Amino acid sequence: MLNFIKRLKLSYQLYNFFKQKELAHNLPLYQKYGLKKKYFSSISSKDFKHLEGEVNIHDIKDSAEELPKNEAFQKLDTTTQKALKTWSKNGYVILENS
């Protein structure tokens, strides 16, 4: 299985190698975030462990209680509101494409 995964990664990188023009926009972002990667390399969450980021407010406070106080939230359709209120409980939100 590991060999299969390594072959997939190699195929992915080879494919990206020939897409330099389409991927060139990533290079300034790689530099900004201190990623020492080539444009054709894959990235993962491990590449960002050195960064300190803001904690999402809804990881601290209950989104079901806090979001309804937000004026922009109140303008959203009820399906989207319902989905967003689950952020704190689930740790993710699935927004349906409408």
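Predicted model only: the values in this text are computed from it and were never measured.

Looking at the packing of aromatic side chains
Then, in step 1: Scanning all chains against the criterion turns up five aromatic pairs.
Then, in step 2: With 5.3 Å between their ring centres and 90° between their planes, F17 and F18 make a pair best called edge-to-face.
Then, in step 3: Overall, the relative accessible area of 41% leaves F17 in the partly exposed class.
Then, in step 4: Between Y39 and F40, the aromatic rings sit 5.2 Å apart at their centres with planes inclined by 90°, giving edge-to-face as the arrangement.

Some thoughts on the side chain of S41
Then, in step 1: Residue position: S41 is located in the loop between α3 (26-32) and α4 (57-60).
Then, in step 2: Judged by relative accessible area, S41 falls into the buried class, the value being 13%.
Then, in step 3: Ignoring any residue separated from it by four or fewer positions in sequence, one finds S41 in contact with Q13 and Y30.

As for the side chain of S63
Then, in step 1: On the secondary structure map, S63 appears in helix α5 (residues 63-66).
Then, in step 2: The residues contacting S63, other than those within four sequence positions of it, are H58, P68, L84, K85, T86, W87 and S88.

Some points on the confidence of the model for the protein
Then, in step 1: On average, the protein scores 87 in pLDDT, and the residues at 70 or more come to 95%.
Then, in step 2: At the low end of the mean pLDDT range in the protein sits helix α1 (residues 2-17), at 79; at the high end sits helix α6 (residues 71-74), at 95.

Cut-off values and rules
Residues numbered from 1 in each chain as written. Predicted model: local features only at pLDDT ≥ 70, side-chain atom pairs only at ≥ 80, totals over all residues. Heavy atoms only, no water. Phe/Tyr/Trp six-rings, centres within 6.5 Å; stacked < 30°, edge-to-face > 60°. Buried < 20%, exposed > 50% of the residue type's maximum accessible area, 1.4 Å probe, protein only. Helix = DSSP H or I, 4+ residues; strand = E, 2+ residues; numbered from the N terminus. Contact = heavy atoms within 4.5 Å. pLDDT = per-residue confidence, 0-100.

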